[in-house]
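Coordinate inspection notes
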Amino acid sequence: MYKQKTKETDSSVIEFIENVDNPKKREDAYELLNVFTETTGYEAKMWGPSIIGFGTYHYKYESGHEGDAPLVGFSPRKAKISLYFAPGDKKREELLQAFGNHTSGKACVYINKVADININVLKELINQSVKFLRDTYPDNEI
C-alpha cells in the first residue's frame, strides 16, 4: 500500500530559509514567503524537509490513493525555485503565458529567480490554485 512521503512537519520555515546556501535564493525565498502568506492568508508550514506549504487539502483519487497536501507552496532548491500549484488546473496554463521566464511540469513551475516573473501573475496563480482545489475537493475544510 502507498505511504505518503511528504507530510506536514513542525520544522521551522525561517530556519529552513536561513539554511539556504545562496544569499540571492534566500532573499527570493523570503519574498515568496511574504507573497504566498499575504495572498493565501495561511501560515507557512514545512512539508517534508524542503517544501514550504500554505493551507492543506485532502485528496482521494479513483484508484483509492489518498493523502494530504498543501494548497500551494514553494521550495528554494539548489538548481531552481520550485513553485507548487494545483495539478490538473487548465487555467494555470493560460496564466503562465504572462508569468515570465519559467519551465513547468505536472504540478511544479520552475523559476531561476523572483526577478524573472510577474508578481501579480504569481498572486493570480496562487488564488486560482486555491480556488481550483476548493472546487475540486469541496468536502475539505480548507
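Computed from a prediction, not measured in an experiment: that's the story for all the values here. (Residues numbered from 1 in each chain as written. Predicted model: local features only at pLDDT ≥ 70, side-chain atom pairs only at ≥ 80, totals over all residues. Heavy atoms only, no water.)

**Regarding the pairing of strand β8 (residues 108-111)**
Across 4 bridges, strand β6 (residues 81-84) lies against β8 in antiparallel orientation. When the bridges of β8 are listed, Ser82 appears paired with Tyr110. Here strand β7 (residues 103-104) pairs with β8 via 2 bridges, running antiparallel. Across the sheet, residue Thr103 finds its bridge partner in β8, namely Tyr110. The turn linking β7 back onto β8 is made up of 3 residues. (Pairing = 2+ DSSP bridges. Helix = DSSP H or I, 4+ residues; strand = E, 2+ residues; numbered from the N terminus.)

**Let's talk about a negative patch on the surface**
A surface patch of negative charge is lined by Glu8, Asp10, Glu43 and Asp68. Counting through the fold element by element, Glu43 comes out in the loop between α2 (23-40) and β1 (44-47). According to the relative accessible area criterion, Glu43 is exposed, its value standing at 58%. (Patch = residues over 30% accessible without salt bridge, like charges linked within 9 Å, V, L, I, M, F, W, Y side chains within 5 Å. Areas by Shrake-Rupley, 256 points an atom, 1.4 Å probe, with all protein chains shown as cover. Salt bridge = Lys/Arg side-chain N within 4 Å of Asp/Glu carboxyl O. Lys, Arg positive; Asp, Glu negative; His and termini not counted. Charge placed at Lys NZ, Arg CZ, Asp CG, Glu CD. Buried < 20%, exposed > 50% of the residue type's maximum accessible area, 1.4 Å probe, protein only.)

**What to know about the nonpolar core**
Within the largest apolar cluster, 37 residues are counted, with the highest numbers of intra-cluster contacts made by Phe36, Ile52, Phe74, Leu83, Phe99 and Leu122. In terms of residue count, the dominant contributor to this core is helix α4 (residues 119-136) (7 residues). Residues contacting Leu122, with those up to four places away along its chain left out, are Leu32, Val35, Phe36, Leu83, Phe85, Phe99 and Ile117. (Core = buried A, V, L, I, M, F, W, Y, C linked by side-chain atoms within 4.5 Å. Contact = heavy atoms within 4.5 Å.)

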